[in-house]
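So you can see what is in the structure, the chains are spelled out below.
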Amino acid sequence: MTAPTHIAFGLLTVASSFSLFSMSFHRNLPAVACAIIGSLLPDVDSPRSSIGRVMPFASIPIERRWGHRTITHSLLCMLALSVVTLPLLAWETACYAAILLGYMSHLIADSTTKSGVPLFYPHPAVCVFPGSARYRIKTGSLMGEGTVLAVVVILLLLFMPVSHKGGIWRSFRYLMATPSAAYSDYRRANTETYLNFEGQWRHTREKVSGKALILDARSAWFWIFFNGRVLTCGEHGAILPDKVRVEETDRPVRIQTIRLKGETYQELIERIPANSFVSGLLEADASFGVGEEERLGGAVSFTTREIEFKFAQKKEILRFQPILRGLSERVKDLSRQKQEVFEKLEDLKMAYPPVHYLKRREIEKELAEKQKEIEALKRKNVRFRGVLRIRLTGEQL
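In this report, we go over the structure that sits alongside the text. Only a predicted model underlies this, so the values are computations on that prediction, with no experimental measurement involved.

So, how was this worked out
- Residues numbered from 1 in each chain as written.
- Predicted model: local features only at pLDDT ≥ 70, side-chain atom pairs only at ≥ 80, totals over all residues.
- Heavy atoms only, no water.
- Helix = DSSP H or I, 4+ residues; strand = E, 2+ residues; numbered from the N terminus.
- Rg over C-alpha atoms; globule rule 2.2 N^0.38 Å.
- Buried < 20%, exposed > 50% of the residue type's maximum accessible area, 1.4 Å probe, protein only.
- Contact = heavy atoms within 4.5 Å.
- Areas by Shrake-Rupley, 256 points an atom, 1.4 Å probe, with all protein chains shown as cover.
- Patch = residues over 30% accessible without salt bridge, like charges linked within 9 Å, V, L, I, M, F, W, Y side chains within 5 Å.
- Salt bridge = Lys/Arg side-chain N within 4 Å of Asp/Glu carboxyl O.
- Axes fitted to C-alpha atoms, helices over the stretch in contact; angles between N-to-C directions.
- Parallel < 35°, antiparallel > 145°, perpendicular 65-115°, else oblique.
- Left-handed = near helix turned anticlockwise from the far one by under 90°.
- Nonpolar A, V, L, I, M, F, W, Y, C, P; charged D, E, K, R; others polar.

**Focus: the overall build of the chain**
Alright, step 1. Along the chain, the regular secondary structure elements total 14 helices and 12 strands.
Alright, step 2. For a compact globule of 397 residues, the expected C-alpha radius of gyration is about 21 Å, and the chain comes in at 35 Å, more than 25% above that figure.
Alright, step 3. Along the three orthogonal principal directions, the C-alpha set of the chain runs to about 115 × 45 × 40 Å.
Alright, step 4. Burial analysis of the chain (397 residues in total) assigns 42% to the buried set.
Alright, step 5. When contacts within the chain are restricted to residue pairs at least 6 apart in sequence, those whose partners lie at least 24 apart make up 65%.
Alright, step 6. Here the chain displays about 22000 Å² of accessible surface, and carbon together with sulfur accounts for 59% of that area.

Below, the structure is given as structure tokens:
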């Protein structure tokens, strides 16, 4: 067979073999190159072949010593190649497999020609398929090899979507679009992933669909970032899915670890990057409380000595201000006093005749001092220790 047919059949053989093991082929350019080289390599025994013209230093001596379609078209030479290319196995398993599968595809393709191949060389037996020469292909013939090449190219093009989805099994899971199938795809992914889903809100039963960043997953549900909120999608989640599919990207998952050994809450906030999600547990060195208006649910939760974050965004963490026990009542008192001063200032602004501006300035100064005192109390030294995992994302949230 000619070089184009061998290349096309080699690529089809490698792509289909890789798909059985859910290995990516179309994105692995070194493996594609190895498949092409392997599919042409047996013809190195002929200086007139494509690879023989590139490697005359090897093709001429081989042809003189053994002739065409002899030792290089045998399992013996394929075994030797597997030993010589062993360093590829240590560098890239896919490349090692691709070059051997490409080589094997050449032997299979040539066995369908009129002359066949001596697979068990030096034994003189020639292996052919099918047995009758009437149904085998004449090398270079338009009707024979041309038809085979067209069929192989069509099959290769049809197979590309399967390779793009990660193989036969992953393509099957993609078509199923179930949470368990999507979870299997998520577990295999090593890059940032998104969830394409269709379903309904758990409480209202309204239809909902979209694409959301996956933050984490379990077999029964996904934690996703959707419409500015961290939600769960799956069994017992905020979103009950009908169809879910995982979409991979080329961006790596970036995780940053922050270790606290007695830092204040303000120091922690300064270390948290924008566009990130924070998870972890912090322990305080003393009991603390928060104002009622600052109580949060879900992303930030707390006890008197601990704070737990679950994919909390920086804007949510900023709203949470721990205050030492004993000071919380003082903060509440100051908040009430501040409100009274504020109302007094508003009354002065509406008074008629107008109040002297010095009087208003005095009230405004008092209001500012109350606010400063409240902020100072909130920054009292509650110190924390623990480990936080920061999920970074390059996208605007």
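**Considering a nonpolar patch on the surface**
Alright, step 1. Taken together, the side chains of Leu-79, Val-83, Leu-86 and Leu-89 define a hydrophobic patch exposed on the protein surface, amounting to about 360 Å² of accessible area.
Alright, step 2. For the nonpolar patch, the elements supplying multiple residues, two or more each, are α5 (75-84) and α6 (86-91).
Alright, step 3. With respect to the helices and strands, the residue Leu-79 is situated in helix α5.
Alright, step 4. Classification of Leu-79 by relative accessible area gives exposed; the value is 54%.

**Here we look at the packing of helix α1 (residues 3-20) against helix α7 (residues 93-111)**
Alright, step 1. Where α1 meets α7, the closest approach of the two axes is 8 Å, and the angle between their N-to-C directions is 130 degrees. Taken together, the axes of α1 and α7 lie oblique to each other. Remark: the crossing between α1 and α7 carries right-handed chirality. Across from His-6, Phe-9, Gly-10, Thr-13, Val-14, Ser-17 and Phe-18 in α1, the residues of α7 making contact are Ala-94, Ala-97, Ala-98, Leu-101, Gly-102, Ser-105, His-106, Ile-108, Ala-109 and Asp-110.
Alright, step 2. For the contact of α1 with α7, a count of residues per class yields 9 nonpolar, 7 polar and 1 charged.

**Some remarks on the pattern of salt bridges**
Alright, step 1. By the definition in use, this model includes 11 salt bridges.
Alright, step 2. A salt bridge links Glu-346 to Lys-349; its shortest N-O distance comes to 3.6 Å. Here Glu-346 and its partner Lys-349 are both found in helix α13 (residues 328-350), 3 residues apart, which amounts to about one turn of the helix.
Alright, step 3. Of the residues examined, Glu-346 reaches a relative accessible area of 31% and is grouped as partly exposed.
Alright, step 4. What makes Lys-349 partly exposed here is its relative accessible area of 40%.
Alright, step 5. One network of salt bridges, with partners in common, ties together Glu-192, Arg-251 and Arg-391.

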